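# Structural features, examined
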Amino acid sequence: KALRADSVCAIRLIDHGSGGYRLAGTGGMPAGGRLEVVPFGEGLTHVVAETRKPLLVPDNRTDPRAVKHHWSATPGLTLYYGVPIEAGADLLGVLNMNFAPTAPPTEDEQASIDVLAGHAAVAIRNARLFAESEARRRAAESLAEVSRSLARTLDVDVIVQQIADTVLPLLGVESSILRRLEPDGSLVAIAVGGLAREHFERGHVIAPGVGVVGRAVAERRPVTREVANEAAIVLTDDIRRRMGAAGMGVILAVPLCVQDDTLGVLAVGDEARRQFSADDVALLQAFAGHATVALQNARLYQDVRDARDFLQVIAENSADGIVTADTHGRITSFSRGAEEILGYRAGDALGRSAADLYRGGLDEARAIMQRLRADGRIKEYETSLRRQDGYWITSSASMSLLRDAGGRVVGTLAIFRDITERKRAGEALRQSEEQVRQLQKLEAMGRLAGGVAHDFNNLLTVIRGRGELLLQRLPPDNSLRRDIDLINKAADRAASLTRQLLAFSRKQILEPKVLGLNAIVSGIATMLERLIGENVDLAFRPGPGLGRLKADPGQLEQVIVNLVVNARDAMPGGGRIILATDNVEFDEPSAREHPDVQPGSYVMLGVSDTGVGMDPTTRARIFEPFFTTKGPGRGTGLGLSTVYGIVMQSGGAIWVSSEPGQGTTFKVYFPRVQDSEAAPVERVSSSAGRGAETILLVEDEEEVRALAREILEGYGYTVLEARQPAEAVVMAGRHADPIHLILTDMVMPQMSGQELAERLSPLRPEMKVLYMSGYTDHPSVHHVRLDTGTPFIQKPFSPDGLAEKVRAVLDAPDGR
């Protein structure tokens, strides 16, 4: 009211217990009819609380966010201005003001209201702290008084002393002893009265059934007896001698029973050796009842204390975090495990809001409370918790409601553990398993592709070869030449697809050399620029001091071209492609994350684009043959599968990272080699020419064998034709003249071409060898080292290609 007389004010505080905003104070408000609690989610108060920003509403009667309460504001004061009441990061409530719409608060007045809200926050926080402090003080005092009262009520020594001070004079006896019954039936002295402590062994044990006290326990009734000098009844002989007493004379023993449970026995002794009367027994039984209650309470108290201590030990030694909170969400206990997991000290955590620990904050805390109220307990669920250092951890938690003896909810109990590393390890394992499955799938596809390519290459050899022979026989002006040319071109395209399948399945014949990757990229840069077009910018960032690698130069160029073309196609509107090279080291931990890489030194080729990127589903399939995201007629789906096959066959690895709209980066890793590894000398084969040598031709496919024979005989060679290895062995043994060359298929029944050549070598040491095949990954030829210069011709071959290769092998001094 100090701000302006024509205004009304209301302060509402957040009250989780009642589920809304509780009216805590007003100024200028008409009396009566006030709604004490506004539920969460309703009214302008909630808008201010949720946004935590001041809110000015010109007319609260027409604003759809406003709620008409049970009370109405002072007539005419319909302009609303609300300010959050905050103390640090905690939202305490909202300060609501109403003004006349014709006289809205000025900027200075709004600033003053903001300041008042700050003062209110300080006052409320101080009041709460004071109330909590008072409550703790009163609780501590109450606990101390309860402890003192329990000590007075439960201390059996106090009860025995009362017997000694009150009952013994009435009975005219000197001493009393209270003994507790043990599980084994023995009686242990726990309290004495009327007898000097130094004259009594407090822990003295009477065996089960011994003497008067034993009989009283066994018969569950008072027993009196003259014991004279009987030993081990109340006092030991040693104590009797030290006391100078002959004995207690007469003893009255009263059992301490609760229903069917005997707790112990109360015994009194008299040196005068007189009998105890019925009144004496009744009086002692009355006090024995008090002793029974005291002993029973003492036992219960000890059980509770032991249970509490046991639970405390569990809580303090548990690796899990154990946290309790009151109904307002304030932390009331914080275990050692919670300290270690979250980094807070218990003293810093006590009293703060548990919602501060959740990633979802107050909203998540409310959702948890709703589930708890509905179910009473939440079994293991995952949530993110904030450590004191701001780092978020993933935890597995269980929660339950805490209730008092009357069943009223007094708080919550949360038990949680840090599973961040377990989640990371599980995710890494899942990714590794997915990579292995993908590799296995690609490997299976590769085997299928290799088998198909083998048979297909035999067919293409016949188609392409016969077409060339027909062209050689037809005159230049023959009209059939055009059709045969089209057949040959189609066969060439089919052969290109087959080569891509072989590259994917890693069954091509490579001629590896020690190369410099920077030189290879620089050498084809001009071609790449023409290939990608003018709307794509190409940049090359060569790594300094780049190591060397060993690969087939032609295949390496194909890898670069295919990756660049793929990047270009991902940028239909233009963009930027970056080629980069670098030296990379993989240690044991990083290699374990990628099953296709071994620890060691690598040369890296990176190809990045600014294109459309890929989603995870597309990323998982990009290396599959015939998989493409391009439209019909725009791609075969073999570009990236060819890259994959070449890289794998070269002993390398390829990774891809991409997100939709974020572009794509391929990284190819080739094993780094020492510069001292010299590149093999490239031999230039002689041009095709006629020959007169004898050639042993071994091929199990009849059409291919017939074609090869016709081609070789056309160039003047003498051909010995064998359909299978066994026939070739017989033929080589019977032929009297020299055999200059064996041209053999690699994959045949009975034995491989390599095995056939080795078998014939002792018989024909001068005979040279030329292998031919559609692929080289058949199990029977795994041991053939075709990458070290072994003479080989890939199917399909042309007549001129076969003649050139045969002539080159025959003319080479070493058969290569």
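Bear in mind the structure is a predicted one, so any value in this text is a computation, not a measurement.

## Some words on the pairing of strand 2 (residues 20-27)
Both strand 1 (residues 8-15) and strand 2 contribute to a ladder of 7 bridges, which runs antiparallel. Residue Ala 10 lies in a different strand from strand 2, and its bridge partner there is Thr 26. Counting the residues in the hairpin turn of strand 1 and strand 2 gives 4 residues, including Gly 19, whose phi is positive at 75°. Judged from the 3 bridges that link them, strand 2 and strand 3 (residues 37-39) form a sheet pairing that is antiparallel. Bridge pairing links Gly 20 to Pro 39 in strand 3.

## Remarks on the pattern of salt bridges
One pass over the structure, following the stated rule, counts 30 salt bridges. In this structure, Arg 366 engages Glu 50 in a salt bridge whose closest nitrogen and oxygen atoms are separated by 3.9 Å. In this pair, Arg 366 is assigned in helix 9 (residues 361-375) and Glu 50 in helix 1 (residues 43-51), connecting sequence segments 316 residues apart. Take Glu 50: its relative accessible area is 43%, and that puts it in the partly exposed class. Between Arg 723 and Glu 727 there is a salt bridge whose closest N-O contact spans 3.2 Å. The exposure class of Glu 727 is partly exposed, given its relative accessible area of 22%. The structure contains a network of salt bridges with shared partners spanning Arg 705, Arg 709, Glu 713 and Glu 721.

## Regarding the sheet that holds strand 16 (residues 392-403)
Read across the open sheet, the 5 strands follow the order 14-13-17-16-15; overall the sheet is antiparallel. Either end of the sheet is taken by a strand with one partner, and the two such strands are strand 14 (331-334) and strand 15 (377-386). Going from strand to strand, the sheet's axes swing by 30° on average, the running direction of each strand aside.

## A closer look at the nonpolar core
Formed by 39 residues in total, the largest nonpolar core has its most connected members in Leu 517, Leu 528, Ile 560, Leu 563, Ile 577, Val 647 and Ile 654. It is helix 14 (residues 553-569) that contributes the most residues to this core, 8 residues altogether. The contact partners of Val 647, leaving out residues within four places of it in the chain, are Val 559, Gly 652, Ala 653, Ile 654, Val 668 and Phe 670.

## What about the environment of Arg 541?
Tracing the sequence through the fold places Arg 541 in strand 19 (residues 536-541). According to the relative accessible area criterion, Arg 541 is partly exposed, its value standing at 48%. Counting along the chain gives 23 residues from Arg 541 to Asn 518, while the straight-line C-alpha distance between them is 9.2 Å. Once residues within four sequence positions are removed from consideration, Arg 541 is found in contact with Arg 576, Ile 578, Leu 579, Ala 580 and Thr 581.

## Comments concerning helix 9
Note on helix geometry: an α-helix contains 3.6 residues per turn, so any two residues three or four positions apart are oriented the same way. The terminal C-alpha atoms of helix 9, which comprises 15 residues, lie 21 Å apart, in line with the 21 Å expected from a rise of 1.5 Å per residue. Looking only at helix 9, the buried set comprises Gly 361, Glu 364, Ala 365, Arg 366, Ile 368 and Leu 372. Next to the buried residues of helix 9 lie helix 1, strand 15, strand 16 and strand 17 (409-418). Downstream of helix 9 by a residue or two, Gly 376 has a phi angle that is positive, lying close to 80°.

## Structural notes on the packing of aromatic side chains
As enumerated under the stated definition, the model contains 8 aromatic pairs in all. Ring centres 5.3 Å apart and planes at 75° place the aromatic pair Phe 586 and Tyr 602 in the edge-to-face group. Taken together, the residues Phe 586 in strand 21 (residues 575-586) and Tyr 602 in strand 22 (residues 600-609) connect sequence positions 16 residues apart. Grouping residues by exposure puts Phe 586 and Tyr 602 together as buried. Each ring, one from Trp 655 and one from Tyr 669, has its centre 4.9 Å from the other, and the planes form 55°; the classification is tilted. Taken together, the residues Trp 655 in strand 23 (residues 653-658) and Tyr 669 in strand 24 (residues 664-673) connect sequence positions 14 residues apart. Residue classification places Tyr 669 among the buried positions, given a relative accessible area of 6%. Here the aromatic cluster, defined as three or more aromatic residues joined through ring pairs, consists of Phe 586, Tyr 602, Trp 655 and Tyr 669. Here Arg 359 stacks its cationic end above the ring of Trp 392, 4.3 Å away from the centre of that ring. Cation over ring: Arg 371 sits above Tyr 381, and NZ or CZ is 5.8 Å from the ring centre.

## A closer look at unusual backbone geometry
Negative phi characterises most residues that are not glycine, and trans characterises most peptide bonds. The step from Lys 795 to Pro 796 runs through a cis peptide bond, and the omega angle for that step is -5°. Relative to the elements of secondary structure, Pro 796 occurs in the loop between strand 29 (792-794) and helix 21 (799-811). One non-glycine residue with positive phi stands out, namely Arg 52, at about 55°. When you line up the elements, Arg 52 lands in the loop between helix 1 and strand 4 (55-57). Look at Gln 750: it is not a glycine, yet its phi comes out positive at around 75°. Take Gln 750: its relative accessible area is 55%, and that puts it in the exposed class.

## Thoughts on the confidence of the model for the chain
Looking at the chain, pLDDT values average 78 and 77% of them are 70 or higher. The weakest mean pLDDT in the chain belongs to helix 5 (residues 237-243) at 43; the strongest belongs to strand 25 (residues 694-698) at 95. Across residues 228-247 the pLDDT falls below 50, and counting only partners more than four positions away or on other chains, this stretch makes 44 contacts in the model.

## Re the environment of Thr 78
Among the structural elements, Thr 78 can be located in the loop between strand 4 and strand 5 (79-87). Assessed through its relative accessible area of 10%, Thr 78 is described here as buried. Taking the C-alpha atoms as reference points, Thr 78 and Asn 60, separated by 18 residues in sequence, lie 5.6 Å from one another. In this view, Thr 78 contacts Val 57, Pro 58, Asp 59, Asn 60, Arg 61, Asn 98, Phe 99 and Pro 101; residues no more than four positions away in its chain are not counted.

What counts, and at which threshold
- Residues numbered from 1 in each chain as written.
- Predicted model: local features only at pLDDT ≥ 70, side-chain atom pairs only at ≥ 80, totals over all residues.
- Heavy atoms only, no water.
- Pairing = 2+ DSSP bridges.
- Helix = DSSP H or I, 4+ residues; strand = E, 2+ residues; numbered from the N terminus.
- Salt bridge = Lys/Arg side-chain N within 4 Å of Asp/Glu carboxyl O.
- Buried < 20%, exposed > 50% of the residue type's maximum accessible area, 1.4 Å probe, protein only.
- Axes fitted to C-alpha atoms, helices over the stretch in contact; angles between N-to-C directions.
- Core = buried A, V, L, I, M, F, W, Y, C linked by side-chain atoms within 4.5 Å.
- Contact = heavy atoms within 4.5 Å.
- Expected span 1.5 Å × (residues − 1).
- Phe/Tyr/Trp six-rings, centres within 6.5 Å; stacked < 30°, edge-to-face > 60°.
- Lys NZ or Arg CZ within 6 Å of the ring centre and 35° of its normal.
- pLDDT = per-residue confidence, 0-100.

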